[in-house]
Amino acid sequence: MALNYIWIAFFLIAFVVALIKLVFFGDVEAFKLLVDGIFSSSKSSVMDIALPLVGAMAFWLGILNVGEKAGAINFLSRIVGPFFSRLFPDVPKKHPAVGQMLMNFSANLLGLDNAATPLGLKAMNTLQELNPDKESASNAQIMFLVLHTSGLQMLPVTIIAQRAILNAKDPADIFLPCVIATYVATVVGLLVVAVKQRINLFDRVIISWLGGVTAFITLVVWYFTTHLTKTEIGTVSKVVSNFLLFVIPVAFIIGGLVKKINVFDVFVEGAKSGFETSVKIIPYLVAMLVGISVFRSCGALDYMNEGLRWVCTKASLDTRFVDAMPVAYMKPLSGSGSKAMMIDVMKHFGPDSFAGRLGSIFNGSADTTFYIVALYFGTVGIKRSRYAIPAGLIADAAGIVAAIFIAYLFFG
């Protein structure tokens, strides 16, 4: 229901803003920009997102099917079972959804976007099988989605690469701030949903796992920042990500050989669902991306930014962070939009400017909440997202606030 009101608001706000521009300021191009945005975003949502996703979906769902038949998913489920049984009490122990969710989280953690989406969609479909009310998101689906939208990521390879393309002096200098900001968003998202679902956060297993993950992230960050140069951080991040992206299918294939299954046939069986899933998400992608497009094209984001700058000026606050805020506004709405905003900020102010660095941290601090809600819930036919969007936005806000504080701490 929340997504319904938000989507309607995009169009109503865009119409009102464009009408004011036309009537009071004589801007005869106001409505043309909105119409152009509708056609371009409708086309890109299908041609640039849904159709290219078919190949990735087919491959990774095929590989995941091999992994399931080889027993890899059950193996992962046994490892994380005690922790996930606390966070997802409605999911039976050793259920395939546990391993699928772990695969999705692992792909996100390593910055493997192409793998994370099909793995996440597979996990959401499996959770839907356990959902007693097929049109309303279950507690498990909300927890999974919020943890996913918080975007926990250890290796922000694409951000570092984009900074290098724009000739940043130290492209990887945002590595540590990105890790800290996204971890804050993830922990806040987990806490919000856990409190709402009355999950015992003082359970020994939950404390042990959260403490262990925190220690691991701290250790990795410490090693990267004390033993590697800025250039080496970017190189290691890229190599590790691509290495693991290839190791996963190879490990599943070897597991299939050991189990003596027909790996090729099992892969094809899983890959067939890739096309079906990609086609199913097209209406949801078109709806969300068109709504975002008209909201952006009308200039509402620019007005929000100028309003924030005015408030900060009146409060005698430093306004440098405001220059990067368009990236933060766009991040919950559109991944490609936030990336475009990040590039625009770096081009305008410079990749090594405060705004350029903060824009990069914003882009790595969380994931695209509205897009993911529409994509993941739309795929399984969920119409009532309950508190998934508010919880996801709270996590996003935590990541944004953390990014601002960390940017001032690291870059002054």
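No experiment lies behind these values; they were computed from the predicted model shown. (Residues numbered from 1 in each chain as written. Predicted model: local features only at pLDDT ≥ 70, side-chain atom pairs only at ≥ 80, totals over all residues. Heavy atoms only, no water.)

1. Notes on the overall build of the protein
Inference 1: Scanning the protein from N- to C-terminus turns up 17 helices and zero strands.
Inference 2: A globule of 412 residues ought to have a C-alpha radius of gyration of about 22 Å, and the protein, at 22 Å, matches this closely.
Inference 3: Its C-alpha atoms give the protein principal-axis dimensions of about 70 × 50 × 40 Å.
Inference 4: Put simply, the protein has 412 residues, and 52% of those count as buried.
Inference 5: The long-range fraction of contacts in the protein, counting pairs at least 24 apart against all pairs at least 6 apart in sequence, stands at 78%.
Inference 6: Summing over all exposed atoms, the protein offers an accessible surface of approximately 18,800 Å²; the carbon and sulfur share of this is 67%.
Inference 7: Here the protein contributes 32 positive and 25 negative side-chain charges, whose respective centroids are spaced 7 Å apart. (Helix = DSSP H or I, 4+ residues; strand = E, 2+ residues; numbered from the N terminus. Rg over C-alpha atoms; globule rule 2.2 N^0.38 Å. Buried < 20%, exposed > 50% of the residue type's maximum accessible area, 1.4 Å probe, protein only. Contact = heavy atoms within 4.5 Å. Areas by Shrake-Rupley, 256 points an atom, 1.4 Å probe, with all protein chains shown as cover. Lys, Arg positive; Asp, Glu negative; His and termini not counted. Charge placed at Lys NZ, Arg CZ, Asp CG, Glu CD.)

2. So, the UniProt feature "transmembrane region" (unreviewed entry) in the protein
Inference 1: UniProt records the feature "transmembrane region" (unreviewed entry) for residues 6-25, 46-67, 142-162, 174-194, 206-224, 236-258, 281-299 and 387-411 in the present numbering.
Inference 2: Overall, residues 206-224 shows 100% helix and 0% strand. The separation of its end C-alpha atoms is 27 Å.
Inference 3: Between the end C-alpha atoms of residues 387-411 there is a gap of 36 Å, over a span that is 96% helix and 0% strand. (UniProt positions renumbered as here; feature names shortened; annotations may be inferred.)

3. A look at the side chain of H148
Inference 1: Relative to the elements of secondary structure, H148 occurs in helix α6 (residues 139-149).
Inference 2: By relative accessible area, which is 4% here, H148 ends up buried.
Inference 3: Here N104 takes part through its side chain, which lies 3.1 Å from a polar atom of the side chain of H148.
Inference 4: Among the polar contacts made by the side chain of H148, one reaches the side chain of Y376 at a distance of 3.1 Å.
Inference 5: In this structure H148 touches N104, F105, N108, D367, I372 and Y376, once residues within four positions along its chain are discounted. (Polar contact = N/O pair within 3.5 Å; in protein donor to acceptor, adjacent residues only side chain to side chain.)

4. Considering the packing of helix α8 (residues 175-196) against helix α9 (residues 204-227)
Inference 1: Across the interface, α8 lies against α9 with an axial gap of 10 Å and an inter-helix angle of 170°. When the axis of α8 is compared with that of α9, the two are roughly antiparallel. Judged by residue contacts, F175, L176, V179, Y183 and L190 of α8 engage L210, V213, T214, I217, V221, F224 and T225 from α9.
Inference 2: Considered class by class, the residues forming the contact of α8 with α9 number 10 nonpolar, two polar and no charged. (Axes fitted to C-alpha atoms, helices over the stretch in contact; angles between N-to-C directions. Parallel < 35°, antiparallel > 145°, perpendicular 65-115°, else oblique. Nonpolar A, V, L, I, M, F, W, Y, C, P; charged D, E, K, R; others polar.)

5. What to know about the nonpolar core
Inference 1: Membership of the largest hydrophobic core comes to 108 residues, with the highest contact counts inside it found for F88, F144, L358 and F362.
Inference 2: Among residues more than four places away in sequence, those in contact with F88 are M101, A140, M143, F144 and L147.
Inference 3: Formed by 10 residues, the second largest nonpolar core is a distinct cluster that contains L152, F175, I217 and F224. (Core = buried A, V, L, I, M, F, W, Y, C linked by side-chain atoms within 4.5 Å.)

6. Observations concerning the environment of Y183
Inference 1: The residue Y183 is located in helix α8 in this model.
Inference 2: In sequence terms Y183 and G151 are 32 residues apart; their C-alpha atoms lie 8.3 Å from each other.
Inference 3: Excluding its chain neighbours within four sequence positions, the residues that come into contact with Y183 are L152, L210, V213, T214 and I217.

7. Here we look at helix α4 (residues 96-109)
Inference 1: Here α4 contains 14 residues, and its C-alpha end-to-end distance of 20 Å stays within 8% of the 20 Å for a straight helix at 1.5 Å per residue.
Inference 2: Burial analysis of α4 places 11 of its 14 residues in the buried class, which makes it a mostly covered element.
Inference 3: Of all the positions in α4, only A97, V98, G99, Q100, M101, L102, M103, N104, F105, A107 and N108 are classed as buried. (Expected span 1.5 Å × (residues − 1).)

8. Looking at the packing of aromatic side chains
Inference 1: This structure, assessed with the given rule, holds 12 aromatic pairs.
Inference 2: Taken together, F83, F84, F88, F105, F144, W209 and Y376 form an aromatic cluster joined through their ring pairs. (Phe/Tyr/Trp six-rings, centres within 6.5 Å; stacked < 30°, edge-to-face > 60°.)

9. Examining the packing of α6 against helix α17 (residues 388-411)
Inference 1: At a minimum axis separation of 9 Å, α6 and α17 run at an interaxial angle of 25°. By the angle class used here, α6 and α17 are roughly parallel. Between α6 and α17 the crossing geometry is right-handed. For the pair α6 and α17, the contacting residues are I142, L145, V146 and T149 in the first and A388, A391, G392 and D396 in the second. (Left-handed = near helix turned anticlockwise from the far one by under 90°.)

10. Section: the environment of W310
Inference 1: Along the polypeptide, W310 turns up in helix α12 (residues 300-314).
Inference 2: Here W310 falls in the exposed class, since its relative accessible area comes to 55%.
Inference 3: Taking the C-alpha atoms as reference points, W310 and V322, separated by 12 residues in sequence, lie 10.0 Å from one another.

11. Here's the deal with the pattern of salt bridges
Inference 1: Counted according to the given criterion, the structure contains 11 salt bridges.
Inference 2: With a closest N to O distance of 2.7 Å, D36 and K32 form a salt bridge. One end of the pair is D36 and the other is K32, both in helix α2 (residues 30-70) and four residues apart, which spans about a single turn.
Inference 3: Overall, D36 belongs to the partly exposed group, its relative accessible area being 36%.
Inference 4: Of the residues examined, K32 reaches a relative accessible area of 44% and is grouped as partly exposed.
Inference 5: In this structure, R86 engages D203 in a salt bridge whose closest nitrogen and oxygen atoms are separated by 3.3 Å. Residue R86 is found in helix α3 (residues 72-87), and its partner D203 is found in the loop between α8 and α9; the two are separated by 117 residues along the sequence. (Salt bridge = Lys/Arg side-chain N within 4 Å of Asp/Glu carboxyl O.)

12. A closer look at the side chain of T368
Inference 1: By the secondary structure assignment, T368 is in the loop between α15 (354-364) and α16 (369-379).
Inference 2: Taking the relative accessible area as the measure of exposure, T368 reaches 3% and is therefore buried.
Inference 3: Other than its neighbours up to four places away in sequence, T368 contacts K331, P332, S334 and G335.

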